Structure formats: structure tokens, C-alpha cells
Amino acid sequence: MLDKLETVLSHLLEYHSALLDLGKEKITVITNKDIDRFEKITLEEQALVRKIEQEEKQRVTLLKELFADHIPADAFTLENCLQTMPDSLQKERIKKTGSLLLATIEDLIQCNTLNRQLVRDSLNYVNFTLDLLRPPKLAPNNYGSTGKQGAPSMMEKKSMFDSQA
């Protein structure tokens with residue numbers, strides 16, 4: 001059973017490392033405005049997230065099977081399980097893989113935070129540019145070009161670009 005746990009943790013580390021690599025690549029893709037590659041990375045990330053979800057379910061199931069007698073149901077963390085394991089080479093490998101996994105997840109969180117900020121900044125720039133192209137909203141005057149009160153003037157209707165498109 002511990003062999004299965006070690007394998008699951010190795011898979012989780014592999015998938016999170018791949019996500020981190022994609023996240024780092026995404027930084028460059030966002031700054032270079034490569035939309036096509038951005039979409040491909042997003043699809044690759046979704047596939048990895050599905051694999052991670054499957055492995056995580058298996059990890060929780062294994063921990064419950066192995067340590068249900070020793071650990072409360074709400075405390076099935078790897079750290080708690082390691083405390084109940086007898087010292088062995090396998091325990092050290094599991095502990096090392098768990099530490100690497102935790103460090104990778106922390107790096108992934110930082111990378112995703114940076115990517116989120118880059119995307120937000122890009123969207124703000126796009127909105128700013130669109131606002132420059134849209135016609136300004138003029139305050140209504142009391143009389144339009146026809147001389148009737150409240151009728152819009154011809155100046156308000158004209159625009160260099162059709163912003164409704």
C-alpha cells in the first residue's frame with residue numbers, strides 16, 4: 001500500500017511540475033500577446049488538472065485505508081500520516097516527495113498570481129484602448145439641430161468608428 005502512495009505522490013509531483021512549467025511559459029506568452037499559444041496552454045492545463053484531481057482522490061482513499069485506525073477522519077494530511085509511519089527508507093522517500101510537491105505547489109501559486117496580474121493588466125489596457133476609440137458621451141443640450149427641445153444634434157450621432165460592431 002505504501003508503494004501505491006509513493007507512486008501517487010510521484011504522479012502528483014510530475015503533474016504539478018508540468019503545470020508550473022506551463023505557468024512559466026504562460027508568462028512569456030502573455031507578455032508577447034500570443035493568443036493562440038495561450039489557448040493551447042489553457043487546454044493543456046485543464047487536462048493536467050483533471051489528472052491531478054484523479055490522483056488526489058486516489059491519494060485520499062489510500063491514506064484513509066492505511067491510517068483510518070490512527071488518524072481522525074478530518075486530519076488525513078500527509079504530514080499526519082508520516083508521523084504514524086514507522087521509520088524506514090520508504091517513509092523518507094514519501095516525505096521527500098511530499099516536500100517537493102509542497103514546494104512545487106507554492107511556486108505554482110506564485111506563478112499563477114503573476115499570470116493573473118498580467119492578464120488583468122492586459123485587459124485593462126484593451127479596455128483603455130477601446131475607450132479611446134469609442135465616441136465620447138456628450139451631455140444632452142436643451143435644443144437639437146432641428147430647434148426642438150431634447151432632440152439629439154447631428155454632432156452627437158457622428159463617430160469615426162462604429163463602436164456597436
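Residues numbered from 1 in each chain as written. Predicted model: local features only at pLDDT ≥ 70, side-chain atom pairs only at ≥ 80, totals over all residues. Heavy atoms only, no water.

**Here we look at the nonpolar core**
Among the nonpolar cores identified, the biggest contains 27 residues, and Leu5, Leu9, Phe67 and Ile94 are the most heavily contacted of them. For this core, the elements supplying multiple residues, two or more each, are helix H1 (2–32), helix H2 (35–67), helix H3 (78–84) and helix H4 (89–133). Per-element accounting of this core gives the leading share, 10 residues, to H1. Setting aside chain neighbours within four positions, we find Leu9 in contact with Arg59, Leu78, Ile94, Thr97 and Leu101. (Core = buried A, V, L, I, M, F, W, Y, C linked by side-chain atoms within 4.5 Å. Buried < 20%, exposed > 50% of the residue type's maximum accessible area, 1.4 Å probe, protein only. Helix = DSSP H or I, 4+ residues; strand = E, 2+ residues; numbered from the N terminus. Contact = heavy atoms within 4.5 Å.)

**Observations concerning H4**
Side chains three or four residues apart in an α-helix point the same way, a direct result of the helix having 3.6 residues per turn. Its 45 residues place the ends of H4 66 Å apart at the C-alpha level, agreeing with the 66 Å of an ideal helix rising 1.5 Å per residue. By the burial criterion, the buried members of H4 are Gln90, Lys91, Ile94, Thr97, Gly98, Leu101, Thr104, Leu108, Cys111, Asn115 and Leu118. Considering only its buried residues, H4 is in contact with H1 and H3. (Expected span 1.5 Å × (residues − 1).)

**Comments concerning the confidence of the model for the protein chain**
Confidence in the prediction for the protein chain averages 84 pLDDT; 83% of positions are at 70 or higher. pLDDT under 50 marks residues 154–158. Its contacts with residues more than four places away, or in other chains, come to 5 contacts. (pLDDT = per-residue confidence, 0-100.)

**A look at the side chain of Glu6**
Within the fold, Glu6 resides in helix H1. Apart from the residues within four sequence positions on either side, Glu6 is in contact with Gln90, Arg93 and Ile94.

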